[in-house]
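Descriptive analysis of the structure
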There are 2 protein chains.
Amino acid sequence: MTELEKGPTGRRRGRGARERILSASQQLFREQGINRTGMDQLCAAAQVSKRTAYQHFTGKDELVAEYLRRFDPSVLSGVFDRTDLTPRERLLAAFDIPPTTPLCPYIGAAVELHDPQHPASQYARDYKKAVAARLADTAREAGAADPEQLGEQLALLIDGAAARTRVLNADAFPTAAAIAAVLIDNAIPTSSPRQPSDDRGTTGSAPVPVGGQ
Amino acid sequence: MTELEKGPTGRRRGRGARERILSASQQLFREQGINRTGMDQLCAAAQVSKRTAYQHFTGKDELVAEYLRRFDPSVLSGVFDRTDLTPRERLLAAFDIPPTTPLCPYIGAAVELHDPQHPASQYARDYKKAVAARLADTAREAGAADPEQLGEQLALLIDGAAARTRVLNADAFPTAAAIAAVLIDNAIPTSSPRQPSDDRGTTGSAPVPVGGQ
DNA sequence: CCGTAAGCACACAGAACGGTGTACATAACA
DNA sequence: TGTTATGTACACCGTTCTGTGTGCTTACGG
């Protein structure tokens with residue numbers, strides 16, 4: 001699509017072989033899963049010869065690990081760096097992004113690869129810990145009594161919503177957000193208790209914008 | 001192990017070929033995952049010829065679906081049928097069983113198979129809905145204001161703990177149980193508010209009895 | 001004693017997988 | 001102009017996967 005310099009024989013080296021591979025990974029690994037996406041298909045989608053792919057990555061494992069490392073900026077930073085929100089609002093905003101994220105690739109990778117020692121699994125672990133830490137930081141900023149506990153709890157809610165969305169094929173994040181609101185109100189004493197009228201539709205009857213297929 | 005009638009050539013037809021196949025499935029699918037367990041290995045573990053396996057099941061897909069249907073009695077009924085507990089205690093007891101369950105095969109199957117139309121995925125969906133319904137029933141029995149909401153919330157906590165346990169390789173159910181206690185106390189007005197000293201170790205520093213390797 | 005159902009052993013087909021080897025083409029730079 | 005990265009095209013290797021085909025063996029009921 002993007003016009004790249006290319007030779008008459010179909011050569012496309014707009015200095016983006018690696019980028020195209022990773023870009024195709026993002027799409028295919030999430031649409032089809034990691035195991036069900038072969039290197040042949042991936043290279044075809046990236047418009048890159050298989051030989052080139054294996055000159056950029058020593059193997060599929062390394063490619064998968066590298067693929068996982070490309071989500072931070074959009075998801076993690078995108079929420080926590082919003083200075084226009086109060087810490088408390090930032091904590092709740094973490095439950096509003098996932099419509100963009102159909103599946104949570106970290107959980108998917110950990111389950112599909114099934115080897116805790118796999119580089120991608122290790123990164124998924126590190127990432128989830130980092131998210132919990134960021135949540136804890138924000139919770140501390142918001143004045144929570146036990147920020148670490150609240151951060152871990154909110155992280156669990158996010159993962160629960162992701163997993164449940166996947167299994168039920170229905171958006172579970174509103175439910176998680178409702179729980180989060182309760183936990184935050186309970187954990188931040190100075191915060192105004194607000195009216196407990198935040199009970200939105202929690203029974204999973206959402207119109208499933210989850211993406212898969 | 002169990003003494004079966006067997007002929008001199010190693011024949012074992014104690015009327016349990018199908019049982020042995022499903023039994024081996026339970027072990028291997030959970031230890032190694034579904035995709036990483038080949039039919040050859042599975043048949044070898046079940047001490048069943050491959051030919052026999054394919055006479056009992058039309059294919060691996062059917063076997064996987066049937067394998068998933070063998071968890072209800074132990075997990076679901078085991079908790080909800082305990083009449084020695086109050087409804088409220090039963091809700092909390094749902095967070096104590098998972099040490100037995102290393103991974104939650106339903107989530108695993110949904111992620112691994114990656115096809116919402118797969119029979120096993122459909123059953124996983126049904127099962128998760130059934131669990132939420134059972135939780136809702138118990139919540140209603142316990143006098144919760146909005147039983148459906150509480151049931152869905154507790155179900156999300158269980159799934160979150162399962163997913164997070166998997167990714168972090170550390171038991172996340174204590175955290176989920178702590179959240180559950182808060183939610184239950186908030187949702188059941190008549191229930192004594194109790195001292196809020198239920199904050200056990202929620203930062204995932206548990207010694208990982210999760211099972212996987 | 002004989003028929004039938006159930007099972008076994010084993011080879012094999014066909015496909016997909018990850019990964020490589022080889023020969024050729026182009027772009028950029030000297 | 002020539003060299004060196006970088007990439008392509010495509011065949012290919014070995015492995016693993018689901019699934020079959022075939023022939024033989026056993027248990028059991030009449």
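Cut-off values and rules
- Residues numbered from 1 in each chain as written.
- Chains lettered and ligands numbered in written order.
- Predicted model: local features only at pLDDT ≥ 70, side-chain atom pairs only at ≥ 80, totals over all residues.
- Heavy atoms only, no water.
- UniProt positions renumbered as here; feature names shortened; annotations may be inferred.
- Helix = DSSP H or I, 4+ residues; strand = E, 2+ residues; numbered from the N terminus.
- Contact = heavy atoms within 4.5 Å.
- Buried area = accessible area lost by both parts, 1.4 Å probe.
- Salt bridge = Lys/Arg side-chain N within 4 Å of Asp/Glu carboxyl O.
- Polar contact = N/O pair within 3.5 Å; in protein donor to acceptor, adjacent residues only side chain to side chain.
- Buried < 20%, exposed > 50% of the residue type's maximum accessible area, 1.4 Å probe, protein only.
- Lys, Arg positive; Asp, Glu negative; His and termini not counted.
- Least-squares fit on C-alpha atoms with pLDDT ≥ 70 in both.
- Axes fitted to C-alpha atoms, helices over the stretch in contact; angles between N-to-C directions.
- Parallel < 35°, antiparallel > 145°, perpendicular 65-115°, else oblique.
- Left-handed = near helix turned anticlockwise from the far one by under 90°.
- Nonpolar A, V, L, I, M, F, W, Y, C, P; charged D, E, K, R; others polar.

What about the UniProt feature "DNA-binding region" (unreviewed entry) in chain A?
Taken from the UniProt record, the annotation "DNA-binding region" (unreviewed entry) applies to residues 38-57 of chain A. Summarising residues 38-57 of chain A: 75% helix, 0% strand, and an end-to-end C-alpha distance of 15 Å.

Some thoughts on the interface of chain A and chain B
Facing the 48 residues of chain A at the interface are 48 residues of chain B. Roughly 4,100 Å² of surface becomes buried between chain A and chain B when both sides are summed, with 64% attributable to carbon and sulfur atoms. Three residues, L156, R164 and V167 of chain A, lead the burial of chain A against chain B; their summed loss comes to 18% of the area buried on that side. Measuring nitrogen to oxygen at the nearest pair gives 3.1 Å for the salt bridge that ties R164 of chain A to E152 of chain B. Our enumeration of links across chain A and chain B arrives at 14 residue pairs in polar contact (both at pLDDT 80 or more). If you list the elements that add at least two residues to the side of chain A that touches chain B, you get helix 1 (17-32), helix 7 (105-113), helix 8 (119-141), helix 9 (147-168) and helix 10 (173-187) of chain A. The element that contributes the greatest number of residues to the side of chain A that touches chain B is helix 9 of chain A, accounting for 15 residues.

Focus: the side chain of E112 of chain A
Topologically, E112 of chain A is positioned in helix 7. Put simply, E112 of chain A is tucked away with no salt bridge, and the nearest opposite charge, on R166 of chain A, sits 5.9 Å away.

A closer look at the pattern of salt bridges
Residue and element names in this part refer to chain A. What the rule picks out here adds up to 26 salt bridges over all chains. Its salt-bridge partner being R69, residue E66 comes within 2.8 Å of it at the nearest N-O pair. R69 sits in the partly exposed class, given a relative accessible area of 38%. With a shortest N-O distance of 3.4 Å, E141 and R90 are connected by a salt bridge. Note that E141 is positioned in helix 8 and R90 in helix 6 (residues 87-93), a separation of 51 residues in sequence. E141 gets classed as exposed once you look at its relative accessible area, which sits at 51%. Taking relative accessible area as the criterion, R90 reaches 9% and is therefore assigned buried.

Focus on the relation of the copies chain A and chain B
With an RMSD of 0.1 Å, the fit of chain A onto chain B corresponds to turning through 180° and sliding 0.0 Å along the axis. Considering both components of the superposition, the chain copies are consistent with a two-fold axis. For chain A, the smallest separation between a C-alpha atom and the rotation axis is recorded for G160 of chain A, amounting to 1.6 Å. The share of interface residues of chain A whose copies in chain B are also at the interface is 100%, consistent with both copies meeting through the same surface.

So, the packing of helix 8 of chain A against helix 9 of chain A
Residues and elements named next belong to chain A. Helix 9 packs onto helix 8 with a crossing angle of 130° between their chain directions and a minimal axis gap of 7 Å. Relative to helix 9, the element helix 8 is oriented oblique. Like other packed secondary-structure pairs, helix 8 and helix 9 cross with a definite hand, here right-handed. Contacts between helix 8 and helix 9 involve K128, A132, L135, A136, A139 and R140 from the former and P147, E148, L150, G151, E152, L154, A155, I158 and D159 from the latter. Partitioning the contact of helix 8 with helix 9 into residue classes produces nine nonpolar, one polar and five charged.

Remarks on the side chain of T37 of chain A
Residues and elements named next belong to chain A. Mapping T37 onto the fold places it in the loop between helix 1 and helix 2 (39-46). Separated by 3.1 Å, the side chains of T37 and Q32 make a polar contact. Other than its neighbours up to four places away in sequence, T37 contacts L28, F29, Q32, L42 and K60.

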